Amino acid sequence: MITRNSHRITADSLLNVAVVGHTNTGKTSLIRTMLRSTEFGIIEDAAGTTRHVEQATISAGNDPILHLYDTPGLEDSRALFSHIKKLREKSKLLLPAQILEQFVTQTAVDDPLEQEAKVIRQMLRSDILLYIIDVREPVLEKYRLELEILTLSAKPIIPVFNFIAGHDQDLTKWREQLAVFHMHATLEFDTVAFSFDAEKRLYQKMQTLLEPYYSRLQKLIDHRETLWNQLCLSGAKRITELIVDIACYRESKTSHHGRIVMQPPVENRLHDLVRSAEQRCLRDLLIIFNFSATDVKIQNIPVSDGQWQLDIFAPGILKAYGLDVGSAAAKGAAAGVGIDLMVGGLSLGAASALGALAGAGWSTFKRYGDEIKATVRGTKWHCADDTTLQILYLRQKHLLKKLMHRGHAAQDPLHVDKTDEEKIPENWHPLISVLRQNPGWREVAAMRTDTVQLQAIETQLINALLDN
Ligand SMILES: Nc1nc2c(ncn2[C@@H]2O[C@H](COP(=O)(O)OP(=O)(O)O)[C@@H](O)[C@H]2O)c(=O)[nH]1
Ligand SMILES: [Mg+2]
């Protein structure tokens, strides 16, 4: 156990973190993003949205590690500064933090500086301050005064730069200014354009400034990292499920026994199938990343229907069906009788062509016999064509990336239509071809039964989605 600031830090001590700064710099936004929740507080592009100190807790599993305190903005830093200056002149023997204490106890409800007193009270009760800066703002006097006041508290301070996208020069100016106050452990953390690395660095900075909490914070970092990797993996798995589902889907063009069945045309069914499957996937991704339907605008996917015809002699097809090519050819002739039985009614030529497949044995024919028969009869299947599948993949990959980099403070909905930045995986065509040949995998995937070959394909798609 280590003693610091007169209170004992034990294995289950909670770290108190005050989030402070001028009004509208993104304090509430930062907390939302750290909590990965759009529910915390109120965010508005107007001054004074946060009027009281609000608390949130961040835990490693069931172990609460830190409290975050959202504070109202320091609105009138000039008045605050001159007030504190007067107090200092009156009590020269007091330490700066004691002066702040005095200010807090002396400020009555309804005092014009009541809001500032709330902030300072919370600062004094916290172990560390996150000072949020809108870097687009010039370094005005009011911010310098604010910094002066913060340093009086004698608490470690991490300046956090917000609104950094496209503001490199402003960022440099702020860095220079903070160096004047001996603040070098700054952090770039855009609350809207989220990056897990930035979140991790924030906790690492806290570790450096708060040595006694080092292992507690490490526990949190490890937990957040595991959680983050799981989130991304779950997202990629869900998209892979969608791709497998649609790529394996096909529907025979000829209706059974030549009867005309009153059904929507196959094209419409296909469109509905693809669109509703993508919608379900989107819904699940939003749940995984804790966003809501209002966070994403997705255009209807353009679906074009393709035709698929089994070519039993296409390269790789025997293997795709789990057959050993060498032995199939060898045993083919010997099993001729069995095939004739199976494909009864076909021409001798077709039947003997299928002889090459005979190495598969009876069980394979039981499984694929209908399909092979249909093939020899020239049956074609309807399916989502390759372009549709590619668009589906690219859109989802794009969406996944956007969700991985969306802060929970973001207010503008995400648009999923452009996919230019993404590429299809290198081995896309062989992957899809194998999926096409295995319509049965739709159920396999749904039941999560282990199929080695399917699993291998899924792993490749997951890695491609996560750019591994
Ligand atoms: N573009 C952008 N907007 C942000 C960012 N952080 C906050 N905002 C917006 O800035 C405004 C104020 O944010 P808020 O969190 O309420 O600030 P607070 O008063 O310091 O709590 C809101 O309109 C937010 O959507 C950011 O990193 N980028
Ligand atoms: Mg706020």
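For clarity, every value in this text was computed on a predicted model and none was experimentally measured.

Caption draft 1: Representation of the overall build of the protein. Looking only at helices and strands, the protein features 18 helices and 13 strands. Here the protein holds 468 residues, and 48% of them are scored as buried. As displayed, the protein offers around 23200 Å² of accessible surface, 52% of which is attributable to carbon and sulfur atoms.

Caption draft 2: The sheet that holds strand S3 (residues 15-21), seen in detail. The strand order across the open sheet formed by six strands is S4-S5-S3-S6-S7-S8, and the pairing between neighbours is mixed. Of all the strands in the sheet, the pair left with one neighbour each is strand S4 (54-60) and strand S8 (187-188). Its contacts with the sheet place helix H6 (residues 168-180) against strand S6 (128-134), strand S7 (157-162) and S8, and it is angled at close to 165 degrees to S7.

Caption draft 3: Quick peek at the site of ligand 1. Lining the immediate surroundings of ligand 1 are 15 residues, of which Lys27, Ser29, Asn162, Asp190 and Thr191 lie closest. Between ligand 1 and Gly26, the relevant distance is 2.9 Å, taken from an oxygen atom to a main-chain nitrogen or oxygen of the residue. Contact distances for ligand 1 include 2.9 Å between an oxygen atom and a side-chain N or O atom of Thr28. Protein burial of ligand 1: of its 580 Å² of free accessible surface, 84% is covered by the chains.

Caption draft 4: The arrangement of the environment of Phe196 in detail. Along the polypeptide, Phe196 turns up in helix H7 (residues 196-209). Considered as a pair, Phe196 and Gly407 are 211 residues apart in the sequence and their alpha carbons are 9.9 Å apart.

Caption draft 5: Highlighting unusual backbone geometry. A positive phi angle, near 60 degrees, is found at Asn290, a position not held by glycine. The residue Asn290 is located in the loop between helix H9 (266-288) and strand S10 (296-298) in this model. The backbone phi angle of Asp467 is positive, close to 55 degrees, even though this residue is not glycine. Structurally, the position occupied by Asp467 is in the segment after helix H18 (452-465).

Caption draft 6: Fine view of the pattern of salt bridges. Per the counting criterion, the structure on display carries 19 salt bridges. Two residues, Arg136 and Asp134, come together in a salt bridge whose shortest N-O distance is 2.9 Å. Residue class for Asp134 comes out buried when judged on its relative accessible area of 7%. Across the pair Asp467 and Lys397 runs a salt bridge, and its minimum N-O distance is 2.8 Å. Of this pair, Asp467 sits in the segment after H18 while Lys397 sits in helix H15 (residues 386-404), and the two are 70 residues apart along the sequence. Here Lys397 falls in the buried class, since its relative accessible area comes to 5%. Linked by salt bridges that have partners in common, Arg238, Glu241, Arg283 and Asp284 make up one network.

Caption draft 7: A look at the packing of aromatic side chains. Summed over all chains, the structure comprises five aromatic pairs. Between the aromatic rings of Phe194 and Trp228, the centroid separation amounts to 5.5 Å while the plane-to-plane angle is 70 degrees, which identifies the pairing as edge-to-face. With Phe194 in the loop between S8 and H7 and Trp228 in helix H8 (residues 214-247), this residue pair connects regions lying 34 residues apart in the sequence. Of the residues examined, Phe194 reaches a relative accessible area of 3% and is grouped as buried. An aromatic cluster of at least three residues, connected via ring pairs, comprises Phe194, Phe196, Trp228 and Phe289. Sitting over the face of the ring of Phe163, Arg136 holds its NZ or CZ atom 3.7 Å from the ring centroid. It is Arg406 that lies over the ring of Phe291; its NZ or CZ is 5.6 Å from the centre.

So, how was this worked out
- Residues numbered from 1 in each chain as written.
- Chains lettered and ligands numbered in written order.
- Predicted model: local features only at pLDDT ≥ 70, side-chain atom pairs only at ≥ 80, totals over all residues.
- Heavy atoms only, no water.
- Helix = DSSP H or I, 4+ residues; strand = E, 2+ residues; numbered from the N terminus.
- Buried < 20%, exposed > 50% of the residue type's maximum accessible area, 1.4 Å probe, protein only.
- Areas by Shrake-Rupley, 256 points an atom, 1.4 Å probe, with all protein chains shown as cover.
- Pairing = 2+ DSSP bridges.
- Contact = heavy atoms within 4.5 Å.
- Axes fitted to C-alpha atoms, helices over the stretch in contact; angles between N-to-C directions.
- Near = heavy atom within 4 Å.
- Polar contact = N/O pair within 3.5 Å; in protein donor to acceptor, adjacent residues only side chain to side chain.
- Salt bridge = Lys/Arg side-chain N within 4 Å of Asp/Glu carboxyl O.
- Phe/Tyr/Trp six-rings, centres within 6.5 Å; stacked < 30°, edge-to-face > 60°.
- Lys NZ or Arg CZ within 6 Å of the ring centre and 35° of its normal.

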